[in-house]
Amino acid sequence: MAAEHSVQTPATASGDTRIHNIGYRSYDGPRLGRSYARLSLYSQSLRGSYGLGRSVKSKVLPMLLFVVMCVPAAIMVAVAVATKANDLPVEYTRYAVIMQAVISLYVASQAPQSVSRDLRFKTVPLYFSRPIETADYVRAKYAALASALFILTAAPLLVLYIGALLAKLDFADQTKEFAQGLVSVALLSLLFAGIGLVIASVTPRRGFGIAAVIAVLTISYGAVSTLQAIADYQGSSSATVAWIGLFSPITVLDGVQSAFLGATSTFPGGTGPGTGEGVVYVVFALGLIAACYGLLVRRYKKVGM
């Protein structure tokens, strides 16, 4: 409602007190509704994931991590072009696995930035006072962080692909492998974004959120890799090694892409899960993404009350 006019009445007996009669008129402009509010929240959150629209200090870390992700790919391309290699040094599907520490650091820094500040300053109920519901808030935040992660992980693959074409490698093979790599990082983006947001939504303190995300993503990978190496050294079956891989997000991704995307597994012995085990990996990954979404909706139903 906007103020239309103000009428001042004569002064009262005290000579100081005045009563202002303020008239209002109704807003008669376009009402854009929930979809526009959801899209605006998504756009603002995505921009914030790279510090756009924020202070210079907020841009430093995400932009630096983006450069760190792309520089090794550019070096590999330069080597492949200079040496006229017959193939790229690294598979498209394996690049994200190699750079998982950088990806984990990005998630740890940006997931709390996306949701912890809203919790800390108690602005979540203000979102829900508008034509936006809990599911809209969760979808916008989830989609924004997943999109930011996809940009982070797909950009170096694009660098590799362009470099492969400049090196005159086989177009059909490179296009197929590039597409497989995009599918892989899309799954990684959904998985890591969900886990990061669930952890960050638990605490309004950004520092705690950063530490918790790093612990879950990196420590779990180190623990699972160690257990797999021990199991392989003791002569355990490849199935045992594969089942251990379900306890870390990055090894779950590794299992899915080695089973169905033609990737070379980083599991000990280079033997990833078979087709049957790979189906379990896919179901588990999708179930974990759905669980993260469900936990976020449940969390914000409580916060918005």
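Everything numeric here is computed off the predicted structure, so don't read it as measured data. (Residues numbered from 1 in each chain as written. Predicted model: local features only at pLDDT ≥ 70, side-chain atom pairs only at ≥ 80, totals over all residues. Heavy atoms only, no water.)

J.: Describe in detail the overall build of the protein chain, supporting the description with residues and values.
T.: The secondary structure content of the protein chain amounts to eleven helices and two strands. Expected size for 305 residues packed as a compact globule is a radius of gyration near 19 Å; at 25 Å, the protein chain overshoots this value by more than 25%. In terms of principal-axis extent, the alpha carbons of the protein chain reach across some 95 × 45 × 30 Å. Taking all 305 residues of the protein chain together, the buried fraction comes to 42%. Counting every atom, the protein chain has about 15,800 Å² of accessible surface; 64% of that belongs to carbon and sulfur. Separation of charge centres in the protein chain, based on 25 positive and 14 negative side chains, amounts to 13 Å. (Helix = DSSP H or I, 4+ residues; strand = E, 2+ residues; numbered from the N terminus. Rg over C-alpha atoms; globule rule 2.2 N^0.38 Å. Buried < 20%, exposed > 50% of the residue type's maximum accessible area, 1.4 Å probe, protein only. Areas by Shrake-Rupley, 256 points an atom, 1.4 Å probe, with all protein chains shown as cover. Lys, Arg positive; Asp, Glu negative; His and termini not counted. Charge placed at Lys NZ, Arg CZ, Asp CG, Glu CD.)

J.: So what's going on with the packing of aromatic side chains? Residues and values would help.
T.: Following the criterion strictly, the structure yields five aromatic pairs and no others. Centroid distance Y92 to F178: 6.0 Å. Interplanar angle 65°. Geometry classified as edge-to-face. With a gap of 86 residues between them, Y92 in helix α3 (residues 92–98) and F178 in helix α7 (residues 171–200) connect regions that are remote in the sequence. Judged by relative accessible area, F178 falls into the buried class, the value being 13%. Centroid distance Y137 to Y300: 4.9 Å. Interplanar angle 50°. Geometry classified as tilted. One end of the pair, Y137, is in helix α6 (residues 134–166); the other, Y300, is in helix α11 (residues 275–303), and 163 residues separate them in sequence. Comparing Y137 with Y300, the two get one shared label, buried. Aromatic rings pair up to connect Y50, F66 and Y106 into one cluster. (Phe/Tyr/Trp six-rings, centres within 6.5 Å; stacked < 30°, edge-to-face > 60°.)

J.: How would you explain the packing of helix α2 (residues 56–83) against helix α4 (residues 100–120) if you had to name every residue and give the values?
T.: One way to put it is that α2 packs onto α4 with a least axis distance of 10 Å and a crossing angle of 165°. In terms of orientation, α2 and α4 fall into the roughly antiparallel class. Like other packed secondary-structure pairs, α2 and α4 cross with a definite hand, here left-handed. Of α4, the residues touching α2 (which contributes L61, P62, L65, V68 and M69) are V102, I103, L105, Y106, S109 and Q110. For the contact of α2 with α4, the residue count by class is nine nonpolar, two polar and no charged. (Axes fitted to C-alpha atoms, helices over the stretch in contact; angles between N-to-C directions. Parallel < 35°, antiparallel > 145°, perpendicular 65-115°, else oblique. Left-handed = near helix turned anticlockwise from the far one by under 90°. Contact = heavy atoms within 4.5 Å. Nonpolar A, V, L, I, M, F, W, Y, C, P; charged D, E, K, R; others polar.)

J.: Break down the pattern of salt bridges for me, with residues and values.
T.: For the structure on display, the rule yields four salt bridges. The residue R34 makes a salt bridge to E133 at a minimum N-O spacing of 3.8 Å. One end of the pair, R34, is in helix α1 (residues 33–48); the other, E133, is in the loop between α5 (124–128) and α6, and 99 residues separate them in sequence. Overlapping salt bridges bring together R34, R38, E133 and D136 as one network. (Salt bridge = Lys/Arg side-chain N within 4 Å of Asp/Glu carboxyl O.)

J.: Please provide a residue-by-residue account of the side chain of D118, values included.
T.: Its location among the elements puts D118 in helix α4. At a separation of 2.6 Å, a polar atom in the side chain of D118 contacts the side chain of Y137. Ignoring any residue separated from it by four or fewer positions in sequence, one finds D118 in contact with T123, V124, Y127, Y137 and K141. (Polar contact = N/O pair within 3.5 Å; in protein donor to acceptor, adjacent residues only side chain to side chain.)

J.: Describe the UniProt feature "transmembrane region" (unreviewed entry) in the protein chain, listing the residues and the values that go with them.
T.: Mapped onto this numbering, the UniProt entry annotates "transmembrane region" (unreviewed entry) at residues 60–80, 142–166, 178–200, 207–231 and 278–297. Along residues 60–80 one finds 100% helix and 0% strand; the C-alpha atoms at either end are 30 Å apart. For residues 178–200, the end-to-end C-alpha separation is 32 Å, with 100% helix and 0% strand making up the annotated structure. (UniProt positions renumbered as here; feature names shortened; annotations may be inferred.)

J.: So, the packing of helix α8 (residues 206–233) against helix α10 (residues 249–260): which residues are in play, and what are the values?
T.: Geometry of a packed helix pair, given as the angle between the helix axes and the separation of the axes. Two numbers describe how α8 lies on α10: the axes approach to 7 Å, and their chain directions differ by 60°. Relative to α10, the element α8 lies oblique. When α8 is examined against α10, the residues L217, S220, Y221, V224 and Q228 are found in contact with a partner set consisting of P249, I250 and T251.

J.: Talk me through empty space enclosed by the protein; I want residue IDs and the actual numbers.
T.: Applying the stated rule across the entire model yields one cavity of 30 Å³ or more. Secondary-structure elements contributing two or more residues to the lining of the largest cavity are α6 and α11. Ranked by residue count, the leading element in the lining of the largest cavity is α6, at three residues. For the lining of the largest cavity, the per-class residue count stands at six nonpolar, no polar and one charged. (1 Å grid on protein atoms, 1.4 Å probe; cavity = no way out; pocket = protein on both sides within 12 Å on 5 of 7 lines; lining within 4 Å. Points joined across faces, edges and corners; volume = space filled by probe spheres on them.)

J.: Go over the side chain of K141, please, and point to the residues and values.
T.: Here K141 is to be found in helix α6. According to the relative accessible area criterion, K141 is buried, its value standing at 5%. When near neighbours in sequence (up to four residues on either side) are disregarded, K141 contacts L41, Q44, S45, S114, V115, D118 and L197.

J.: Account for α8, with residues named and values stated.
T.: Counted at 1.5 Å a residue, the expected span for α8 with its 28 residues is 40 Å, and the 40 Å between its end C-alpha atoms agrees. All buried positions along α8 are accounted for by G209, V213, L217, S220, V224, Q228 and A231. Elements in contact with the buried residues of α8: α4, α7, α9 (238–244) and α10. (Expected span 1.5 Å × (residues − 1).)

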